[in-house]
Amino acid sequence: MSIAKKIVCAFSLIFVMFAAVGSYQYVVSLQQSETTTIMEAKTLRSALMAEEMKMSVIQVQQWLTDISATRGQNGMDDGLDEASRYAAMFRKSAEEMKQVNPEDQERLQKIIVAFDDFYAVGQKMAHVFIDQGHEKGNQLMDDFDAQAEKVNHEVDAYLQEKVQQITDSVSSIQDSIELSNRLMLVFFLVVLVVSSVIAYFLSRSIIKPLRLLNQKALVIADGKLDQPVVIQSRDEVGQLGAAFEKMRTNLHVLIQEVKKTADEVAASSEELTVGAERTAESSRQIVSSVKEIADGAERQQHGSNQSARSMEEVNAGIHMVATSSSAVAELSLTMSELAKLGDDTVSRVAAQMQQINNQTEQTNEIIRTLDAHSTQIVDILRVMEAITGQTQILALNAAIEAARAGEQGKGFAIVAEEVRKLAGQSQESAARIAHLIEEIRTYMATAVSAMSESSRETASGMQVASEASDIFTTIRNSIIEVTDQVQEVSASAEQMASNTQQVSEAVIIMKEIANQALAYAKTTVNAVDEQLLSCEDVASSAEKLNQEALRLQALVSKFDV
């Protein structure tokens, strides 16, 4: 159930309770109003008219009794008229009471008959007093008083009955008010208990998941992605928890991939560094070997010069020529071995450069994979920013609804504020992750540039190695040719005395070959020096790539996956 539905159900329950009590109060008020109306229009009016009837009886009795003293003399003869006026008032009140209380027709008629009897006796007594004197009049006085007492008794009984009805009505109204007050007290206690229970369950179903979600968000903000976000609620908070869990899972997988790729880049850069160092070492060995070849070529040139001078001084001694020929033969064998060693070294350099090129291509592929993963991280961050924006809008709407709810919405306003803070923390975490990803992409761009430069230098090194291999092949062929010539010189040394011209030509050829070998050796030294510089550049690029890989590993190590 969503938060809105929970709140609607809670307030609907409270509203229903208020509506029930309000309806009950309305019904009770109608009953009390009806009872009051009846009491005012009927019972109280009847009591007042009964009181007027009683006063009329008393006035009639008083005026007729006074005639016993005045005897209707001039100036005091209004007793019968006053008594008649009050008798008329009594009958009028009795008729009105019949209309107000139709259920008391018989009883009121009985009172009227008793009053008529009483009035008739009174008139008779008054005329007796006037016509016959006190003695005759006093004989009727007892009967008149008895009739007056009878009428008064009937009227008093009726009046007491109406007063009792008024008392009962007032007591009923008071009892109804007291019952209503007790029910209202019970109702407010029940509403208080129900509201407390509703507030407890609402806070348990909303505040508790929000606090748990806030704790998980702080854990994720600290870089710990190995703790799942589990929110059992099925409302908006549960949906937000599911979104956070999805975000955590995606970040967990992504950081694992980045960490794995960073490890691979570090391993590849280390291998590239080792390979570059080995290549540099091989290049140094090639330089050393080529320098030895150059020294041998210089010695060969020196020997050729000596052979030329010896040929000029051939008459000085054949033995010196033979000795020089043997030295040249040995030197030729040495040069052949050195040329073979240089050829093998150049072949290893070419293979090593090919391996470096392959590792460079692999590193480029890894860095492109990192760049693609960084793009995915940026997309995820955009999703996080969208979720944060929606959460802030939800918090704002909740705050507005809480403000509309007034006092009852204070708790929900706190929930809205917590949601807004949580959205702000999520936005800050997304910003920090975006900054880290931007740095990673910058470092990867630098690594790509360095690897591209390394690839170009490696290709150049491979070309130089190929050229060096061709040069060593030429040197080897030349040395083989020199060796053959030296052997011919050695064979001809025995015939030097008889074929001096042939030896001179051979020495001239050997001198030319020695000069050519020396030139080839110097060219090879220059080429190998350039190759050594390229290998050093490759080693520097590999070291820089290794540093960037270590920095990437340090950045990724901030996350616990």
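Our structure's up above, just so we're on the same page.
Thresholds applied
Residues numbered from 1 in each chain as written. Predicted model: local features only at pLDDT ≥ 70, side-chain atom pairs only at ≥ 80, totals over all residues. Heavy atoms only, no water. Helix = DSSP H or I, 4+ residues; strand = E, 2+ residues; numbered from the N terminus. Buried < 20%, exposed > 50% of the residue type's maximum accessible area, 1.4 Å probe, protein only. Contact = heavy atoms within 4.5 Å. Areas by Shrake-Rupley, 256 points an atom, 1.4 Å probe, with all protein chains shown as cover. Core = buried A, V, L, I, M, F, W, Y, C linked by side-chain atoms within 4.5 Å. Salt bridge = Lys/Arg side-chain N within 4 Å of Asp/Glu carboxyl O. Patch = residues over 30% accessible without salt bridge, like charges linked within 9 Å, V, L, I, M, F, W, Y side chains within 5 Å. Phe/Tyr/Trp six-rings, centres within 6.5 Å; stacked < 30°, edge-to-face > 60°.

Q: Explain the overall build of the protein residue by residue, including any values.
A: On a plain count of helices and strands, the protein comes out with eight helices and zero strands. Walking the protein from its N terminus toward its C terminus, one meets helices and strands in the order α-α-α-α-α-α-α-α. Looking at the protein as a whole, 41% of its 561 residues are labelled buried. For the protein, the share of sequence-separated contacts (at least 6 apart) that also reach a separation of at least 24 residues comes to 86%. Surface summary for the protein: the accessible area is close to 30,100 Å², and the carbon and sulfur share equals 54%.

Q: Report on the nonpolar core, specifying residues and quantitative values.
A: Counting 36 residues, the largest nonpolar core has V60, L64, F90, F115, F118 and V151 as its most contacted members. Residue assignment for this core shows that the elements contributing at least two residues are α1 (3-70), α2 (79-100), α3 (105-132) and α4 (134-221). When residues in this core are grouped by element, the largest group, 12 residues, is from α3. Judged by nonpolar contacts, the second largest core, of 30 residues, contains I207, I231, I380 and V419.

Q: Outline the pattern of salt bridges, listing residues and values.
A: In the structure shown here, the tally under the stated rule is six salt bridges. One salt bridge in this structure joins K98 and E95, with 3.8 Å as the shortest N-O distance. Residue K98 and its partner E95 are both found in helix α2; the two are separated by three residues, about one turn of the helix. Relative accessible area serves as the criterion here: at 11%, K98 is assigned to the buried category. Given the relative accessible area of 41%, E95 is considered partly exposed. A salt bridge links R107 to E161; the shortest N-O distance between them is 2.0 Å. With R107 in helix α3 and E161 in helix α4, the pair connects residues that are 54 residues apart, well separated along the chain.

Q: Got a sec to walk through a nonpolar patch on the surface? Specific residues and values, please.
A: Nonpolar side chains collect at one region of the surface, where V193, V197, Y200 and F201 lie side by side and expose about 400 Å² of accessible area between them. By the secondary structure assignment, V193 is in helix α4. Taking relative accessible area as the criterion, V193 reaches 53% and is therefore assigned exposed.

Q: A description of the packing of aromatic side chains should follow, citing residues and the corresponding values.
A: In this structure the tally under the stated criterion is six aromatic pairs. When the ring of F115 is compared with that of F118, the centres are 5.8 Å apart and the planes differ by 50°; the resulting orientation is tilted. Taken as a pair, F115 and F118 lie in helix α3 at a separation of three residues, close to a single helical turn. No difference in accessibility class separates F115 from F118, as the two residues are buried. For the ring pair F118 and F144, a centre distance of 4.8 Å and an interplane angle of 20° mean the geometry is stacked. Separated by 26 residues along the polypeptide, F118 in helix α3 and F144 in helix α4 bring together distant segments of the chain.

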